[in-house]
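Chain residues, written in single-letter form:
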Amino acid sequence: MNEFHLLQDAMEASFSKKQPFITYSIPDTNEVTLITGPNATNMGNHCFDQSGFIFAPFDEEKTTYCISTAESEIYKAAIEKKEVALLPVNVLSCNSEKTRHKKLVTDAINTIISETAEKIVVSREKEITLSTFNLRTLLDRILNAYPATFRYIWFHPNTGLWCGATPELLLKTKGAEFSTTSLAGTQKYDPNKKAVWTDKEKNEQKLVTHSIFKQLENFTQIMKPSPTHTYKAGSVVHIRTDIQGILKKTKIHYNQLTKALHPTPAVCGTPRALSKEFILRNEGYNRTFYTGFLGVLDTLKSTSEFYVNLRCMKIVGDKAYIYVGGGITVDSQPEAEWEETRNKLQTMLQVLEPFL
């Protein structure tokens, strides 16, 4: 039996025993890693004091989870390449879903105007009924469908089963060097047409970039942005700026750094406190780990790689809950924002296609 099948077996065994595990692959790599162990989970801020995999919620006041590598079994394997057809998946939306989301967008616009805010990110949860489910098939599809993203399947008895393919880097460090990403604006991907960005989308992306610079200024010696460019992520494209620099201290306090960045303007808004308050009061569901962050921390090597938990879903029994949202500014149009969330649903719907 090859190493990839052994990894799949170990993952399935952990899931059947309700034992915490994380299976993940770094963007543009051919390797997948499984970390699992019955006593390996830690919780809270001390997660950042040890090497392991961190799974953090949107609301930083809620519990962060960590699977420690020191107390785990670790499997690594080359990804078994498989062709994955990514065809559009049609799902019905009832009128009440559309009406509710458009009202949420309108309320966000009104709050931006009355409170002189710049941006509020609003989202929704879409419930999908599954006719069947297989963990190995899910892993095959998530790994092969979106190789340029951070792909993962996470399970913990307290959080349930989550998976995703996120394009957005929150923070990557190697010693004092760091990088992060400013990502905003969304259009449906069209292979026959170059993306043309509106002033609204360009301004939204500038807000995110400016906010990241402001949030990190106390931690950094140097920050340098790349030219903005169009970035494809699954069935959609975004405007992206890559930011690199040098931290002031060689001893990195990861908890402080991630708190400075998270939640980013791309998933919360600007100003952060006002936007978060609006989200918690108005969205009508609990994001839990959607728009949180997740990734690998190695305290011995002073390296980390964290991603924002976008293009993700939670699977409970025969139900999948897909999470999608968008950044709202004063120029947003409720109908267009509704369509944007429908486009974003496709990333996870295409992963689920064999189970529908």
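Residues numbered from 1 in each chain as written. Predicted model: local features only at pLDDT ≥ 70, side-chain atom pairs only at ≥ 80, totals over all residues. Heavy atoms only, no water.

(A) Just the pairing of strand S18 (residues 312–316), in detail. Here strand S9 (residues 160–166) pairs with S18 via four bridges, running antiparallel. Bridged to Cys163 within S18 is Met313. As paired elements, S18 and strand S19 (residues 319–328) share five bridges and run antiparallel to each other. Each residue of the ladder has a partner; that of Cys312, found in S19, is Tyr323. Linking S18 back to S19 in an antiparallel pair, the connection comprises two residues, with Gly317 at a positive phi of about 60°. (Pairing = 2+ DSSP bridges. Helix = DSSP H or I, 4+ residues; strand = E, 2+ residues; numbered from the N terminus.)

(B) Seen up close, the sheet that holds S9. Strand order in the open sheet formed by nine strands is S6-S2-S1-S8-S9-S18-S19-S7-S15, with antiparallel pairing between adjacent strands. Of all strands in the sheet, those with a lone pairing partner are strand S6 (73–78) and strand S15 (269–270), marking the two edges. Of the strand pairs in this sheet, strand S1 (residues 21–25) and strand S8 (residues 150–156) are connected by five bridges, and their pairing is antiparallel. Residue Ser25 lies in a different strand from S8, and its bridge partner there is Arg151. Running over the sheet, helix H3 (residues 135–145) touches S1, strand S2 (31–36), S8, S9 and S18 and is turned about 155° from S8. (Contact = heavy atoms within 4.5 Å. Axes fitted to C-alpha atoms, helices over the stretch in contact; angles between N-to-C directions.)

(C) Layout of the pattern of salt bridges. This structure, assessed with the given rule, holds 20 salt bridges. A salt bridge links Asp9 to Arg136; the shortest N-O distance between them is 2.6 Å. With Asp9 in helix H1 (residues 3–16) and Arg136 in helix H3, this pair connects stretches of sequence that are 127 residues apart. One salt bridge in this structure joins Arg342 and Glu339, with 3.7 Å as the shortest N-O distance. One end of the pair is Arg342 and the other is Glu339, both in helix H7 (residues 334–352) and three residues apart, which spans about a single turn. The exposure class assigned to Arg342 is partly exposed, which follows from its relative accessible area of 31%. The class for Glu339 is partly exposed, based on a relative accessible area of 33%. Ionic contacts of the salt-bridge type, sharing partners, join the residues Lys119, Lys200, Glu204 and Glu337 into one network. (Salt bridge = Lys/Arg side-chain N within 4 Å of Asp/Glu carboxyl O. Buried < 20%, exposed > 50% of the residue type's maximum accessible area, 1.4 Å probe, protein only.)

(D) Representation of the packing of helix H2 (residues 95–114) against H7 in the model. Viewed as axis vectors pointing N to C, H2 and H7 meet at an angle of 120°, and their least axial separation amounts to 9 Å. In terms of orientation, H2 and H7 fall into the oblique class. As for how H2 packs across H7, the hand of that crossing is right-handed. Residue-level inspection shows Glu97, Lys98, His101, Lys102, Val105, Thr106 and Ile109 of H2 in contact with H7, the latter providing Pro334, Glu335, Glu337, Trp338 and Thr341. Partitioning the contact of H2 with H7 into residue classes produces four nonpolar, three polar and five charged. (Parallel < 35°, antiparallel > 145°, perpendicular 65-115°, else oblique. Left-handed = near helix turned anticlockwise from the far one by under 90°. Nonpolar A, V, L, I, M, F, W, Y, C, P; charged D, E, K, R; others polar.)

(E) Local environment of H2. The terminal C-alpha atoms of H2, which comprises 20 residues, lie 28 Å apart, in line with the 28 Å expected from a rise of 1.5 Å per residue. Every buried residue belonging to H2 is among Glu97, His101, Leu104, Val105, Ala108, Ile109, Thr111 and Ile112, and all of these are buried. Projection of H2 onto a plane perpendicular to its axis shows the buried side chains occupying an angular sector of 165°, all on one side. Turned more than 90 degrees away from the buried face of H2, the exposed residues are Asn95, Thr99, Lys103 and Ser114. Looking at the packing, one finds that the buried side of H2 touches strand S7 (119–129), helix H6 (272–282), S19 and H7. Thr116 sits one or two positions beyond H2 and adopts a positive phi of about 50°. (Expected span 1.5 Å × (residues − 1). Arc of directions from axis to C-beta.)

Function cannot be read off these values alone, since they describe shape.
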